[in-house]
Amino acid sequence: MTTSIFDATGTNPHDDERALIELFPEGTHLDAEGELVVGGVRLTDIAERFGTPAYVLDESALIRQATLFREALAARWPNSRVVFASKAFPATAVYRTLAEAGLGADVAGGGELALALAAGVRPDTIVVHGNAKSADELRAAVDAGVGLVVIDNFDDIAKLEDIVTGRQDVLVRVLPDVAAETHEALATGKQGSKFGLGRADAEEAIARLRASDRLNLRGLHMHIGSQICEVDPYVAAVRALASYGEFDIYDLGGGLGVRYTYDDAPPSVEAWLDGLVGAAAAHLPRHAQLLIEPGRSVVARSGLTLYRVVSVKKGHPTFVAVDGGMGDNLEVSLYGQRFEATVVNRVGGGEAVNLVGKHCESGDRLSTGVPLREPRVGDVVAVPVTGAYCHTMANNYNGARRPPVIFADGQRTRAVVRRETYEDLTRRDLADVRGEV
Ligand code: LLP
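Residues numbered from 1 in each chain as written. Predicted model: local features only at pLDDT ≥ 70, side-chain atom pairs only at ≥ 80, totals over all residues. Heavy atoms only, no water.

Turning our attention to the site of the ligand. Surveying the vicinity of the ligand reveals 20 residues, the closest of which are Ser226, Glu293, Arg296, Glu331 and Tyr389. Here Ser226 contributes a side-chain N or O atom positioned 2.4 Å from an oxygen atom of the ligand. Interatomic distance of 2.7 Å between a side-chain N/O atom of Glu293 and a nitrogen atom of the ligand. Burial of the ligand by the protein chains amounts to 89% of its free accessible area of 580 Å². Across the shell around the ligand, the residue classes break down as six nonpolar, eight polar and six charged. Of the domains in this structure, domain 1 (17–58 + 302–425) and domain 2 (77–296) are the two that each give at least three residues to the shell around the ligand. (Near = heavy atom within 4 Å. Polar contact = N/O pair within 3.5 Å; in protein donor to acceptor, adjacent residues only side chain to side chain. Areas by Shrake-Rupley, 256 points an atom, 1.4 Å probe, with all protein chains shown as cover. Nonpolar A, V, L, I, M, F, W, Y, C, P; charged D, E, K, R; others polar. Domains from an automatic or database assignment.)

Below you can see the structure in the form of structure tokens.
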């Protein structure tokens, strides 16, 4: 009988390790000392060199994922573009990297527009979103020469009519009235959402835009929500778009879910596109250009967060507290998102603990009941799949300094965003208020 790697209980002692490693970017492995290596770099080395907490992005994995999206969409619908929903990681290095990989950028607001332009994203590849775009934001977008502005309400039309002197291409965001299973804060496709226009309003907006000599109606937009792990709602939503007649451009939004934990089973990029493009082929005009706007699914798995263990309070449960928390990861407290975690040089197995942050509230958790192997003060802990929306929503709770962003890439590992300093925390305070007059 061959017992090989299976122990007496019939389980593979390496299963935990393998399952965990699969959540990290492709290519992640353990070196000879059992240390996690991501993007060709040992995570302990990154923690040593750049400090903790730190966001780490595997640069090559990010580029591979962007390329996968672009090529897989083009293979199914050649007249197509992938536009990165930049809210998922609005750092200039990420805008630049993804632009170089051939993605456009979706921006929501003047800040993201400024970041995209600062990063050198070509304005004609920018799509402007928002349910409350100010005249100043719209003017900045038009002046920059953005490719598309997405009309979300009649006020957008009125403001643009005032601002535009030449011609501006626009889309109308339609509310397809489709429910997708996700956290309620992330659902945007159903009647009652603050985004987009319902049937009657959308038809009126289309009619007004067709009559405009400054605004050039090119097509329709939809975005039904985020962290969606099923394809059917997209098919229903595309059908709803088709009921408005024929247009040149259809922007089908983003929303593809990612695998945060062992239990999550989102469709692959290919399966998602099969569904989306299949629906487009069935219901939309063949000559049309298709746009998609993935955010989370482009960046999430390329990223992880490194922390150092600050204290271990043994008990039931045992609390392992690290030097970050809800200052750098709001996903847990805002959306109940679950994450796995590991000590970077003792991967897999171990006692279930509550991995918590350093902030002054009980909701400051990173992972509840997560197995960590012999966690000790000073250990480096990695939380995988934090590449989307964590950097975005980092904050200064308890005076936390927002973490740096490190691009991990073999010999070229470098910080692309530095850690905030305590000086940064008072930088916006006016001198007389600080008592320094
Ligand atoms: N397009 C539009 C118009 C959007 O509003 C969004 C996301 C996307 C595309 C990209 O969706 P994704 O592919 O990333 O699912 N703060 C939340 C996420 C909110 C997403 C909002 N809109 C979080 O931290 O999970």
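Before going further, it helps to spend a moment on the pattern of salt bridges. Applying the stated criterion to the full structure yields 24 salt bridges. Note that Arg122 and Asp124 form a salt bridge whose closest N and O atoms lie 2.7 Å from each other. Across the salt bridge formed by Arg427 and Glu423, the nearest N and O atoms sit 3.9 Å from each other. A residue is classified by how much of its surface remains accessible, and Arg427, at 54% relative accessible area, is exposed. Connected through shared salt-bridge partners, Asp31, Glu33, Arg42 and Asp45 make up one network. (Salt bridge = Lys/Arg side-chain N within 4 Å of Asp/Glu carboxyl O. Buried < 20%, exposed > 50% of the residue type's maximum accessible area, 1.4 Å probe, protein only.)

All right, on to the sheet that holds strand β8 (residues 148–151) then. The strand order β5-β6-β7-β8-β9-β10-β11-β12 describes a closed barrel built from eight strands, whose pairing is parallel. Going across the sheet, the axis of each strand differs from the next one's by a mean of 30 degrees, ignoring polarity. Here strand β6 (residues 104–108) pairs with strand β7 (residues 126–129) via four bridges, running parallel. Paired with Val107 across the bridge in β7 is Val128. (Pairing = 2+ DSSP bridges. Helix = DSSP H or I, 4+ residues; strand = E, 2+ residues; numbered from the N terminus. Axes fitted to C-alpha atoms, helices over the stretch in contact; angles between N-to-C directions.)

Our next topic: the side chain of Lys133. For Lys133, the position within the fold is in the loop between β7 and α6 (135–144). At 2.8 Å, the side chain of Lys133 forms a polar contact with the backbone oxygen of Gly130. For Lys133, the residues in contact, after removing those within four places along its chain, are Val128, Leu138, Val149, Val150, Ile151, Asp152, Asp156 and Lys159. (Contact = heavy atoms within 4.5 Å.)

Here we come to the domain arrangement of the protein chain. By domain assignment, the protein chain separates into domain 1 (17–58 + 302–425) and domain 2 (77–296). Relative placement of domain 1 and domain 2: their C-alpha centres are 32 Å apart. Listed by partner, the interface residues are 22 residues for domain 1 and 20 residues for domain 2. For the pair domain 1 and domain 2, the summed buried area comes to about 1,900 Å², and 64% of that belongs to carbon and sulfur atoms. (Buried area = accessible area lost by both parts, 1.4 Å probe.)

The end-to-end C-alpha distance of helix α10 (residues 269–283), which contains 15 residues, comes to 21 Å, matching closely the 21 Å that a straight helix rising 1.5 Å per residue would cover. Taken together, the buried positions of α10 are Val269, Trp272, Leu273, Gly275, Leu276, Val277, Ala279 and Ala280. Its buried side turned inward, α10 meets α3 (59–76), α9 (232–242) and β12 (289–292). (Expected span 1.5 Å × (residues − 1).)

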